[in-house]
Amino acid sequence: MMLTVIVMSLASGVLLAAVEPAYKTEEWPKARRLVWADPGSGGNFADAKNWKTESGRPAKSAPDRDTDIVLPASKKVYDVKGSRTNQVRHVSVESGARFGGGHRNEVEIWGNLEVQPGGRVLY
């Protein structure tokens, strides 16, 4: 569990408080969640064939602004890249996965971005 420590100075001393990160305490509406279908093999973010639902079924459409995505861990490094302005809500990038676009504005993340050790965001 990751906690953020906030130090507040009071007239009589210092107060330490542990606070959960925002992404763990925020309330968001339920959304579609897609998982990269072939961890270890890279591909285009906007191609629905590269995604599956949490239940393992092929995705019917690519992620959009109202979709949460997971790039699962892999021992083999793989790149998931946007090719134009692609939007997504929440993103989880696990070890071995690299996520981004060829240019800064090709992937827009409208929610939270979680990058686990060994994962990387490319811009």
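Cut-offs applied
- Residues numbered from 1 in each chain as written.
- Predicted model: local features only at pLDDT ≥ 70, side-chain atom pairs only at ≥ 80, totals over all residues.
- Heavy atoms only, no water.
- Pairing = 2+ DSSP bridges.
- Helix = DSSP H or I, 4+ residues; strand = E, 2+ residues; numbered from the N terminus.
- Axes fitted to C-alpha atoms, helices over the stretch in contact; angles between N-to-C directions.
- Core = buried A, V, L, I, M, F, W, Y, C linked by side-chain atoms within 4.5 Å.
- Buried < 20%, exposed > 50% of the residue type's maximum accessible area, 1.4 Å probe, protein only.
- Contact = heavy atoms within 4.5 Å.
- Salt bridge = Lys/Arg side-chain N within 4 Å of Asp/Glu carboxyl O.
- Phe/Tyr/Trp six-rings, centres within 6.5 Å; stacked < 30°, edge-to-face > 60°.
- Lys NZ or Arg CZ within 6 Å of the ring centre and 35° of its normal.

This paragraph deals with the sheet that holds strand β3 (residues 32-36). The five strands lie next to each other as β5-β3-β6-β9-β12, forming an open sheet whose pairing is mixed. In this open sheet, the two edge strands, each paired with only one partner strand, are β5 (51-53) and β12 (113-115). For this sheet, the mean angle separating the axes of adjacent strands, direction not counted, is 20°.

Counting 15 residues, the largest nonpolar core has Phe45, Trp51, Ile69, Leu71, Val80 and Phe99 as the members making the most contacts within it. Secondary structure elements with two or more residues in this core: β3, β6 (67-71), β7 (78-82), β9 (91-93) and β10 (97-101). Residues contacting Leu71, with those up to four places away along its chain left out, are Trp36, Trp51, Tyr78, Val80, Ser92, Val93, Glu94, Ala97 and Phe99.

Further remarks concern the pattern of salt bridges. Overall, the coordinates contain four salt bridges when judged by the stated rule. Where Glu54 meets Arg33, a salt bridge forms, and the shortest distance between an N and an O atom there is 3.4 Å. Of this pair, Glu54 sits in the loop between β5 and β6 while Arg33 sits in strand β3, placing them 21 residues apart in sequence. With relative accessibility at 40%, the residue Arg33 sits in the partly exposed group. Between Asp79 and Arg98 there is a salt bridge, with its nearest N and O atoms 2.5 Å apart. Separated by 19 residues along the polypeptide, Asp79 in strand β7 and Arg98 in strand β10 bring together distant segments of the chain. For Arg98, a relative accessible area of 26% corresponds to the partly exposed category.

Most of β6 is tucked away, with five of its five residues classed as buried. Of the pairings in the sheet, the one linking β6 to β9 comprises three bridges and is parallel in character. Note that in β9 the partner of Leu71 across the bridge is Val93.

The next subject is the packing of aromatic side chains. Aromatic ring pairs: the centre-centre distance and the angle between the two ring planes describe each pair. In the structure shown here, the tally under the stated rule is three aromatic pairs. Measuring from ring centre to ring centre gives 5.9 Å for Phe45 and Trp51, while their planes differ by 80°; the resulting arrangement is edge-to-face. For the pair Phe45 and Trp51, one class covers both residues: buried. Ring pairing ties together the aromatic residues Trp36, Phe45, Trp51 and Phe99, which thus form one cluster. Lying across the ring of Trp110, Arg65 places its NZ or CZ 3.3 Å from the centre.

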